[in-house]
Protein chains: 2
Amino acid sequence: MKALKSLGTQIYAMRYQLKIEVSLKPGHSDPEGETTARLLNELGYKVETVNVSKVYSIFLEAESRKEAEMKAEEMCKRLLANPTKDNYSFVIEEEK
Amino acid sequence: MKALKSLGTQIYAMRYQLKIEVSLKPGHSDPEGETTARLLNELGYKVETVNVSKVYSIFLEAESRKEAEMKAEEMCKRLLANPTKDNYSFVIEEEK
């Protein structure tokens, strides 16, 4: 009886893959991008701007897609992106 | 007549946006990913692995989509990716 009750109230967590891209806001200097552009031009490629951004691939447990989205948003604000200089965007996939 | 001839042989370059993602091959240690995973867990998120990769957004002039693809492949091999430890993939969009 106890076992059944605990089964009944257990919440099954799903596993989601987040891909969070953090890039510099326009107007902020991107030394790595500038160096890459210069080197590519020196190698003979007709390259204009190069912007470098970072992608975090994260496996996260959450109860629903909605919760995973909320957590991704929070993670960006609390740790991954700097609000004064970074933009962020993310996609979420449910793990099979 | 000369002008017409030069017009006839001129090749118009197109502008393409490349998005090249460079990530570590599986099995290589990713200290930035490990630190991010630890910090996210300390903040209360049930996160497993975190992998960090880099995205280069490049505006490139090329004569055709085929040429842009060939150049993107070359850029990865010659500069952007280290064949012993990196995987790479890219998408190409024609600029409007």
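Above this text sits the structure in question.
The following paragraphs examine the structure supplied in this document. Given the structure is predicted, the values throughout are model-derived calculations rather than measurements.

## Examining the relation of the copies chain B and chain A
Each of the two chain copies can be brought onto the other by rotation about an axis and movement along it. Turning chain B through 180° and shifting it by 0.0 Å along the axis lays it on chain A, with an RMSD of 0.0 Å. These values place the two chain copies in the arrangement generated by a two-fold rotation axis. Of the C-alpha atoms belonging to chain B, the one lying closest to the rotation axis is found on B:Lys54, 2.4 Å away. A symmetric contact is evident, with 100% of the interface residues of chain B recurring at the interface of chain A.

## Details of helix H3 (residues 65-80) of chain B
An α-helix turns once every 3.6 residues. As a result, residues three or four positions apart point the same way. Regarding H3(B), the residues found buried are B:Glu67, B:Ala68, B:Lys71, B:Ala72, B:Met75, B:Cys76 and B:Leu80. Summarising the contacts, the buried residues of H3(B) are in contact with helix H2 (31-42) and strand S2 (47-62) of chain A together with strand S1 (14-24), strand S2 (47-62) and strand S3 (86-94) of chain B.

## Brief notes about the pattern of salt bridges
Proximity of charged atoms lets side chains of opposite charge pair with each other. If you walk through the whole model with that rule in mind, you get 16 salt bridges over all chains. Between B:Glu48 and A:Arg15 there is a salt bridge whose closest N-O contact spans 2.9 Å. Taken together, the residues B:Glu48 in strand S2 and A:Arg15 in strand S1 (residues 14-24) connect one chain to another. The exposure class of B:Glu48 is partly exposed, given its relative accessible area of 34%.

## Side note on the interface of chain B and chain A
Opposite the 31 residues of chain B that make contact, chain A presents 31 residues. In total, chain B and chain A occlude about 3,000 Å² of area from one another, counting both sides; carbon and sulfur atoms represent 54% of this. The largest share of the area that chain B buries against chain A comes from B:Tyr45, B:Glu48 and B:Leu79, three residues that together contribute 19% of it. Put simply, chain B and chain A have six salt bridges between them. B:Lys54 is the salt-bridge partner of A:Glu32, the closest N and O atoms lying 2.6 Å from each other. Taken together, the connections running from chain B to chain A amount to 20 residue pairs in polar contact (both at pLDDT 80 or more). Of the residues forming the side of chain B that touches chain A, the biggest block, 15 residues, is contributed by S2(B). When grouped by side-chain class, the residues that make up the side of chain B that touches chain A number 15 nonpolar, five polar and 11 charged.

## Let's talk about H2(A)
In a regular helix each residue adds 1.5 Å, so 12 residues correspond to 16 Å; H2(A) covers 16 Å between its end C-alpha atoms and thus fits that length. Where H2(A) is concerned, the buried positions are A:Gly33, A:Thr36, A:Ala37 and A:Leu40. For H2(A), the buried positions fall inside an angular range of 100° around the axis, keeping them on one side. H2(A) presents A:Pro31, A:Glu34 and A:Glu42 as exposed residues on the side facing more than 90 degrees away from its buried surface. Where H2(A) is buried, its residues contact S2 of chain A together with S2 and H3 of chain B. Phi turns positive, to about 105°, at A:Gly44, one or two residues after H2(A).

What counts and what doesn't
- Residues numbered from 1 in each chain as written.
- Chains lettered and ligands numbered in written order.
- Predicted model: local features only at pLDDT ≥ 70, side-chain atom pairs only at ≥ 80, totals over all residues.
- Heavy atoms only, no water.
- Least-squares fit on C-alpha atoms with pLDDT ≥ 70 in both.
- Contact = heavy atoms within 4.5 Å.
- Buried < 20%, exposed > 50% of the residue type's maximum accessible area, 1.4 Å probe, protein only.
- Helix = DSSP H or I, 4+ residues; strand = E, 2+ residues; numbered from the N terminus.
- Salt bridge = Lys/Arg side-chain N within 4 Å of Asp/Glu carboxyl O.
- Buried area = accessible area lost by both parts, 1.4 Å probe.
- Polar contact = N/O pair within 3.5 Å; in protein donor to acceptor, adjacent residues only side chain to side chain.
- Nonpolar A, V, L, I, M, F, W, Y, C, P; charged D, E, K, R; others polar.
- Expected span 1.5 Å × (residues − 1).
- Arc of directions from axis to C-beta.

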